[in-house]
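Residue strings, one per chain:
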Protein chains: 2
Amino acid sequence: MHNGCVPEETRRQPTIKDVAAAAGVSISTVSHVYSRARPISEPTAARVTAAAEALGYIPNPSAASLRGGQVGIFGLVLRPRNAVHGSLSGTETFTRFSGAAAAATLATGRGLLHVPNVLAEKARRVAMDGCIVMGPYERDDVVAALKKRHVPVVCADVDPSNPDDPWAVHVDYRPAVEQLLSAAASGGAQRLALIAGSEANNWTMSTRGTIQEWCSAAGLSLTAHDLFEGVGSTGAEGLAFDLLGSSTPPDTIVVSSTRFAGGVLAAAKRLSIRIPEDLRVCALTDSALTRDAEPSITSLDLLLEDQAKACVDLLIRALSEGSPPLQPVIVTPQVRWRASLGSPGEGAP
Amino acid sequence: MHNGCVPEETRRQPTIKDVAAAAGVSISTVSHVYSRARPISEPTAARVTAAAEALGYIPNPSAASLRGGQVGIFGLVLRPRNAVHGSLSGTETFTRFSGAAAAATLATGRGLLHVPNVLAEKARRVAMDGCIVMGPYERDDVVAALKKRHVPVVCADVDPSNPDDPWAVHVDYRPAVEQLLSAAASGGAQRLALIAGSEANNWTMSTRGTIQEWCSAAGLSLTAHDLFEGVGSTGAEGLAFDLLGSSTPPDTIVVSSTRFAGGVLAAAKRLSIRIPEDLRVCALTDSALTRDAEPSITSLDLLLEDQAKACVDLLIRALSEGSPPLQPVIVTPQVRWRASLGSPGEGAP
DNA sequence: TTGAAAGCGCTAACAG
DNA sequence: CTGTTAGCGCTTTCAA
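All of the points below concern the structure found in this document. Every residue gets a number counted from 1 within its own chain, in the order that chain's sequence is written. To label them, take the chains in the order written and letter them from A, then take the ligands in the order written and number them from 1. With the structure being a predicted model, the display of local features is reserved for residues of pLDDT at least 70 and the display and counting of side-chain atom pairs for 80 or more, all residues being used for whole-chain, interface and lining totals. Based on all heavy atoms of the structure, the side-chain values leave hydrogens and waters out of the count.

### Observations concerning the overall build of chain A
- The number of helices and strands found in chain A is 12 helices and 12 strands.
- With a 1.4 Å probe rolled over the protein chains alone, any residue whose accessible area is under 20% of its type maximum counts as buried; one over 50% counts as exposed, and the rest are partly exposed. Burial status across chain A gives 53% buried among its 349 residues.
- Put simply, chain A shows about 14800 Å² of open surface, and 53% of that area lies on carbon and sulfur atoms. Every helix listed is a DSSP run of H or I at least four residues long, and every strand listed is a run of E at least two residues long, numbered separately from the N terminus. Every accessible area reported is derived by Shrake-Rupley at a probe size of 1.4 Å, with residue values counting cover from the shown protein chains alone.

Spelled out as structure tokens, the structure:
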């Protein structure tokens, strides 16, 4: 046996002509059997199908798209830098999103193309009907490049500089973040520390804004720290250790990435600080790292599956109608209550 | 401002004709400027480029592929069931692999298509020049379906039922697994337990085989347990708790997925068993869960980036030459030594 | 160094 | 219900 992945003789792929000849019909009949664009009699359709099956025929999508315009492919760009390197934080967020986006795209008969770097010259050769950009930065240059190439773009979470973009799936972090904060407050929180990522995307910027507003309205003290996501749990551990060892340590720490949460836990352990009794902790996204931590960490489920599905729907609308929906598309993250924040209190559902 | 993702007037994409007219040359000249298939004089090329730039022209890849045959797209199928649901184990393994595969593919000017389910009828419409299947099962039906559709297939890690497949990137787990075992043995291991996933892929089957052989040759006792990956760390914790509480508890536990490792750690903690003094632990893949665990867990780095790159190279060979490489392509995983197994001993490099 | 023209495989009028 | 035919945008001979 040959174990070959390629047919021994490089036999030309059968075309619509071959099928038409074998079935004794015209090529347009064959075409219509596949496109269902017009009714074909039962016996004819059966003959065509049989012939196609026998020859191993599959319609050439390039040829089909040449006429019809669309190529049957959506692109996906994951913006947060750490998405590319699986070893950094946020891994689960991106897997969940791309898996869901791929499934939703495939359900429409299209494919989802993973595009690490649209700006690269090489990438210009790959065709897309539209593109989903997850977590765009302020005035995102990838989005700009795509638009210049006439590629319809839909964003998952809005570009912070374009907050009313009707072609984005808006993520409303506010309600969940406020639930988190009021739960902390009702548990006795006085001094908050925020350890957030340093990227200029809406997740980082909007949650920080909400927290600042809420704290100042509620009269809680807040110190905010930006930490490059790449420093991982070790980096967060160092920062948390310093904070917790200072003369005025925080009693509540909110972290953005789940790897930061691990670092905070480690620092607390080294200092024999009990969670949630002495220190409350919560994270602004969810992953195995927070679910399985000891103690488990209250965090935000960003509902990535919903976001992905909504993006695909929006992109299809852009392609078919061209006009944006009248109401913005909104996804509202949910709090997953766990041990690290004490009891949910009045903030819980 | 309109915030539009689609141009206000749905203006037809400029074609090669428009560029030719604007530059005052023939369409074949424009074509050759882009394909570099024949020399074009400097001033002419400049005029064409300028015209194309002004019009925002990009060559239509569908049209190009109609003639040339290839569509510039590789498919990627992640076989392990838990790869689809980001929330289960192995997340990082698949992100790393697909990120690396996407980068390697893009570097060749092609795109990487995420294919959740090739068997679905809908998926037949998406075109691929070839497909990478990661972690195929025994007599994998996805691989079979792809081959039936004349799609060249390359596997990352071999189909266990086709161990000499020249169109696979072979992963040789043996050396690293043996290093792990001899380190455990030189640390005093006597009674081993293996908690492996239940999927019939080569990772699971080959490592289990090596461990069984090695233990019987070295005279160590071994009990092997299959656990569905979906049970996660909680499932593994329950099993480990029972094992460690039995009358003849293991002194070494090897787990396949990193989430299982977390469960083992939790069980040991509940029973006040010290690691690595009383119990040695190691995992057969690596992730944030093992790197950041307390104590950190010795595990296998599967070198997913190398695997992905090798797959892309192999697929390109299949497309261009059609004949398999004379020597099998092999990737050899590396042990990442950490606290949970004690000192590496003689097994370490 | 460049142009003209014949398709690539398929879709979509337009006829019958 | 089915067949004929003119392209879709580009590549690629073949001429000039």
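### Some remarks on the protein's contact with DNA strand C
- Being near a molecule or strand, for a residue, comes down to having at least one heavy atom within 4 Å of it. Around DNA strand C sit 25 residues, and of these Ile16 and Ser31 of chain A together with Thr29, Arg38 and Thr44 of chain B come closest.
- The sugar-phosphate share of atoms of DNA strand C within 4 Å of the protein amounts to 59%.
- Here a polar contact means two N or O atoms within 3.5 Å. Within protein one must be a hydrogen donor candidate and the other an acceptor candidate, and residues neighboring in sequence count only if both atoms are side-chain atoms. With respect to DNA strand C, the side chain of Ser28 of chain B contributes an N or O atom lying 3.3 Å from a base nitrogen.
- Between a phosphate oxygen of DNA strand C and a side-chain N or O atom of Thr29 of chain B, the distance comes to 2.5 Å.
- Mapped by element, the contributors of at least two residues to the surface near DNA strand C are helix H2 (27-35) and helix H4 (61-68) of chain A together with helix H2 (27-35) and helix H4 (61-68) of chain B.
- Of the residues in the surface near DNA strand C, the class split is 11 nonpolar, 10 polar and four charged. In this count, Pro and Cys sit with the nonpolar residues alongside Ala, Val, Leu, Ile, Met, Phe, Trp and Tyr, while Asp, Glu, Lys and Arg are called charged and the others, Gly among them, polar.

### A word on the packing of helix H1 (residues 16-23) of chain B against H2 of chain B
All names here are of chain B.
- It is the contact of H1 with H2, at a shortest axis distance of 8 Å, that shows an interaxial angle of 105°. Classed by the angle they form, the pair H1 and H2 counts as roughly perpendicular. Contacts between H1 and H2 involve Ile16, Lys17, Val19 and Ala20 from the former and Ile27, Val30 and Ser31 from the latter.
- The residue inventory of the contact of H1 with H2, partitioned by class, reads five nonpolar, one polar and one charged. Angles shown run from 0 to 180 degrees and are taken between the N-to-C directions of axes, each axis being a line fitted to C-alpha atoms and, for helices, limited to the stretch in contact. Any angle that falls under 35 degrees is termed roughly parallel, while one over 145 is termed roughly antiparallel, one within 65 to 115 roughly perpendicular, and all others oblique. Contact definition: two residues touch when any of their heavy atoms are within 4.5 Å.

### A word on the pairing of strand S8 (residues 252-255) of chain B
Residue and element names in this part refer to chain B.
- Burial along S8 is two-sided: the residues Thr252 and Val254 and Ile253 and Val255 are all buried.
- One ladder, built from four bridges, connects strand S6 (residues 191-197) with S8; its direction is parallel. From the neighbouring strand, Leu194 faces S8, where its bridge partner is Val254.
- Crossover connection from S8 via helix H10 (residues 258-270) to parallel strand S9 (residues 280-283): handedness right-handed. Strands are treated as partners if at least two bridges between them are detected by DSSP. Here is how to tell: hold the view so the strands point away, follow the path from the first strand over the helix to the second, and if it runs clockwise the crossover is right-handed.

### Side note on helix H7 (residues 174-186) of chain B
Residue and element names in this part refer to chain B.
- Helix length check: H7, at 13 residues, gives a terminal C-alpha distance of 18 Å against a target of 18 Å (1.5 Å per residue), a fit within 8%.
- Listing the buried residues of H7 in full gives Ala176, Val177, Leu180, Leu181, Ser182, Ala183 and Ala184.
- Buried positions along H7 lie against S6, helix H8 (202-218), S8, S9, strand S10 (298-301) and strand S12 (334-336).
- Following H7 by one or two positions, Gly188 adopts a phi angle in the positive range, close to 110°. Expected span of a helix, by definition, is 1.5 Å for each gap between consecutive residues, and there is one gap fewer than residues.

### Side note on the sheet that holds strand S2 (residues 111-114) of chain A
- Across the sheet, 12 strands lie side by side as S11(A)-S5(A)-S4(A)-S3(A)-S1(A)-S2(A)-S2(B)-S1(B)-S3(B)-S4(B)-S5(B)-S11(B); this open sheet has mixed pairing. Two strands bound the open sheet, and with one partner strand each, they are strand S11 (329-331) of chain A together with strand S11 (329-331) of chain B. Pairs of neighbouring strands in the sheet enclose a mean axial angle of 30°, with direction left out of account.
- Note: strand S5 (residues 168-171) of chain B against S11 of chain B, three bridges, orientation parallel. Looking across to S11 of chain B, one finds that His170 of chain B is bridged to Ile330 of chain B.

### So, the sheet that holds S10 of chain B
All names here are of chain B.
- The strand order across the open sheet formed by six strands is S7-S6-S8-S9-S10-S12, and the pairing between neighbours is mixed. Of all strands in the sheet, those with a lone pairing partner are strand S7 (221-227) and S12, marking the two edges. Across the sheet, the mean angle separating the axes of adjacent strands is 20° when strand polarity is ignored.
- Two elements, S9 and S10, share two bridges in a ladder whose sense is parallel. Considered in S10, the bridge of Cys282 is made with Thr298.
- Packed onto the sheet, H8 meets S6, S7 and S8 and runs at close to 170° relative to S6.
- Where helix H9 (residues 232-245) meets the sheet, its contacts fall on S6, S7 and S8, and the angle it forms with S7 comes to roughly 155°.

### Brief notes about the packing of aromatic side chains
Residues and elements named next belong to chain A.
- Stacked, tilted and edge-to-face pairs are distinguished by plane angle, under 30 degrees for stacked and over 60 for edge-to-face with tilted covering the rest, among Phe, Tyr and Trp rings (Trp via its six-membered ring) whose centres lie within 6.5 Å. Summed over the entire model, instances satisfying the criterion amount to two aromatic pairs over all chains.
- Taken together, a centroid distance of 5.5 Å and an interplanar angle of 75° make the contact between Tyr34 and Tyr57 edge-to-face. Here the residue Tyr34 occupies a position in helix H2, and Tyr57 occupies one in the loop between helix H3 (42-55) and H4, the gap between them amounting to 23 residues.
- Residue Tyr34 is classed as partly exposed on the basis of its relative accessible area, which comes to 29%.
- Relative accessible area serves as the criterion here: at 9%, Tyr57 is assigned to the buried category.
- Charge over a ring is defined by NZ of Lys or CZ of Arg lying within 6 Å of the ring centre and within 35 degrees of the ring normal. Cation over ring: Arg270 sits above Phe241, and NZ or CZ is 3.9 Å from the ring centre.

### Looking at the protein's contact with DNA strand D
- Taken together, the neighbourhood of DNA strand D is formed by 25 residues, with Thr29, Arg38 and Thr44 of chain A together with Ile16 and Ser31 of chain B sitting nearest.
- At a separation of 3.4 Å, a base nitrogen of DNA strand D approaches a polar backbone atom of Ala63 of chain B.
- Among the secondary structure elements, those contributing two or more residues to the surface near DNA strand D are H2 and H4 of chain A together with H2 and H4 of chain B.

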